[in-house]
Amino acid sequence: MQMKRVIPCLDVDAGRVVKGTNFVDIRDAGDPVELAARYELAGADELVFLDITATHEDRGTVAALARRTADDVFIPFTIGGGIRSLEDAQAVLDAGADKVSVNSAALARPELIRELAAQFGSQCVVVAIDARRNTAGAAGWEAFSGGGRHATGRDVLQWATEVEKLGAGELLLTSMDRDGTKDGYDLELLAAVSSGTRIPLIASGGAGEPRHLAEALEAGADAVLCASIFHFGAYTVGDVKQYLTDRGIRVRPLSA
């Protein structure tokens, strides 16, 4: 059985780690590289950096952040935000990132996923999906772009299936309804996407306590992304891994 992963997520805005609720009400959480180094020592399996305003503000990629991180951190890390082309991805990977995450650019031009997979390998390509439950009683979830600012009209389950066919190696699925609430992940969303795809699924949005992480993994996620519970000291990576181990979920030991 494959081990499950615990992944701190660092949302970056203007060079600082921030965290909000439902993609708004942002507050500062510290320096990204300092936090990354701390999480590595604490036993994190991987890290994800997301420049949350790069697409919205039409900025370039965060290659400089990747370079700084690679100098001090030696666990795998993913960089996302503002990556629109092979050249953008190349710059981030050359700077030391192990994977790139794309969201808005892939929604605008799905062929980008195929190009990235062909150039760098599917293992380097993470497609992030920001999902919100449909309103007015309609079933399912809609994918949003631009850091959750723009509705796309795309059904999340159909989009997840499409990006897998295009060559994505991993899905990073965020529930906009749960993000930052600490009420737990959207388990129905995770189970639906997990059952419809075969590539690894990273659950994001809503972690408030270790029980929520276990529930997400049991619902079909291969990894859990966490921000608030780590950034503001509610729990450590060690706390979470011990809880998961006690619950019978296999994770990489802290001593490994």
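Up top is the structure.
Quantities reported herein were computed from a predicted structural model and do not represent experimental measurements.

In this section: the overall build of the protein. What the protein contains, in helices and strands, is 10 helices and 12 strands. Taken over 256 residues, the protein has a buried fraction of 54%. Sequence-distant contacts in the protein: of pairs separated by 6 or more residues, those separated by 24 or more amount to 65%. When the accessible area of the protein is evaluated, it comes to approximately 10700 Å², of which 48% is carbon and sulfur surface.

Relative orientation of the contacting elements helix H1 (residues 32-42) and helix H2 (residues 63-72) amounts to 35 degrees, with a least axis distance of 10 Å. Relative to H2, the crossing made by H1 is right-handed. Each of Pro 32, Val 33 and Glu 40 in H1 lies in contact with H2, whose residues at this interface are Leu 65, Arg 68, Thr 69 and Asp 72. Grouping the amino acids of the contact of H1 with H2 by side-chain chemistry returns three nonpolar, one polar and three charged.

What follows deals with helix H8 (residues 210-218). Along H8, the residues that are buried comprise Pro 210, His 212, Leu 213, Ala 214, Ala 216 and Leu 217. Residues of H8 that are buried in the fold lie against helix H7 (187-196), strand S11 (201-204), strand S12 (223-226), helix H9 (228-231) and helix H10 (237-246). Taken from the residues just after H8, Gly 220 is the one with a positive phi, measuring 130 degrees.

Turning to the environment of Thr 174, a few remarks are in order. Within the fold, Thr 174 resides in strand S10 (residues 170-175). On the accessibility criterion, Thr 174 (7% relative accessible area) is buried.

A separate point is unusual backbone geometry. The phi torsion of most residues other than glycine is negative, and most of the peptide bonds are trans. For Lys 182, which is not glycine, the phi dihedral falls at a positive 65 degrees. Mapping Lys 182 onto the fold places it in the loop between S10 and H7.

This part is about H10. Residues of H10 that are buried include every one of Val 237, Gly 238, Val 240, Lys 241 and Leu 244, and no others. For H10, the buried positions fall inside an angular range of 160 degrees around the axis, keeping them on one side. Where H10 is buried, its residues meet strand S1 (5-13), H1, H8 and H9. Just downstream of H10 lies Gly 248, where phi reads positive at about 90 degrees.

Residue alternation in S12 divides its side chains into two sets, Ala 223 and Leu 225 and Val 224 and Cys 226, and both sets are buried. Sheet topology places S1 next to S12; four bridges connect them, and they run parallel. Counterpart to Val 6 in the pairing with S12 is Val 224. Strand direction decides the pairing type here: S11 and S12, joined by two bridges, are parallel.

Under the defined criterion, the tally for this structure stands at two aromatic pairs. Where Tyr 39 meets Phe 230, the ring centres are 6.0 Å apart and the plane angle is 50 degrees; that geometry is what we call tilted. In this pair, Tyr 39 is assigned in helix H1 and Phe 230 in helix H9, connecting sequence segments 191 residues apart. Given a relative accessible area of 6%, Phe 230 falls into the buried group.

A side chain with one charge can pair with a side chain of the opposite charge if their charged atoms come near. Inspection of the entire model under this criterion finds 15 salt bridges. One salt bridge connects Arg 211 with Glu 215, and the closest N-O pair in it is separated by 2.9 Å. With Arg 211 and Glu 215 both in helix H8 and four residues apart, this pair spans about one turn of that helix.

Another point: the side chain of His 212. Within the secondary structure, His 212 sits in helix H8. Among the residues examined, His 212 registers a relative accessible area of 4% and is labelled buried. One polar contact links the side chain of His 212 to the main-chain amide nitrogen of Gly 208, over a distance of 3.0 Å. Those residues within four positions of His 212 in sequence are excluded, and the remaining contacts are Lys 182, Asp 183, Gly 184, Tyr 185, Gly 206 and Ala 207.

All right, on to the packing of helix H6 (residues 156-166) against H7 then. Following both chains from N to C, one finds H6 and H7 inclined at 35 degrees, their axes separated by 9 Å at the closest point. Crossing geometry of H6 relative to H7 is assigned as right-handed. Facing H6, whose interface residues are Val 156, Leu 157, Ala 160, Thr 161 and Glu 164, H7 presents Leu 189, Ala 192, Val 193 and Gly 196. Broken down by class, the residue content of the contact of H6 with H7 amounts to six nonpolar, two polar and one charged.

Definitions and cut-offs
- Note on numbering: residues in each chain are counted from 1, in written sequence order.
- Reporting of local features is limited, given that this is a predicted model, to residues whose pLDDT is at least 70; pairs of side-chain atoms are given and counted only at 80 or more, and all residues count toward the totals for whole chains, interfaces and linings.
- Derived side-chain values reflect all non-hydrogen atoms in the structure, with water molecules and hydrogen atoms excluded from consideration.
- Only DSSP runs of H or I reaching four residues or more are called helices, and only runs of E reaching two or more are called strands; each is numbered from the N terminus.
- Relative accessibility decides the category of a residue: with a 1.4 Å probe and only protein chains considered, values under 20% of the type maximum give buried, values over 50% give exposed, and everything between is partly exposed.
- Only heavy atoms matter for contacts: two residues are in contact if any of them lie within 4.5 Å across the pair.
- Computed with the Shrake-Rupley method and a 1.4 Å probe, the accessible areas treat only the protein chains shown as cover for residues.
- A fitted line through C-alpha atoms serves as each axis, taken over the contacting stretch for helices, and the angle formed by two N-to-C directions is quoted from 0 to 180°.
- Handedness of a crossing follows from how the near helix is turned relative to the far one, being left-handed for an anticlockwise turn of less than a right angle and right-handed for a clockwise one.
- The classification used treats Ala, Val, Leu, Ile, Met, Phe, Trp, Tyr, Cys and Pro as nonpolar, Asp, Glu, Lys and Arg as charged, and all other residues, Gly among them, as polar.
- Our arc is simply the arc of the directions from the helix axis toward the C-beta atoms.
- Any two strands are treated as partners once DSSP identifies two or more bridges connecting them.
- Here is the rule: rings of Phe, Tyr and Trp (six-membered ring for Trp) pair when centre to centre is within 6.5 Å. Planes less than 30 degrees apart are stacked, more than 60 are edge-to-face, and the remainder are tilted.
- Any carboxyl oxygen of Asp or Glu within 4 Å of a side-chain nitrogen of Lys or Arg constitutes a salt bridge here.
- Polar contact is defined as a pair of N or O atoms within 3.5 Å, subject to the rule that within protein one atom must be able to donate a hydrogen and the other to accept it, and that residues adjacent in sequence are counted only when both atoms are side-chain atoms.

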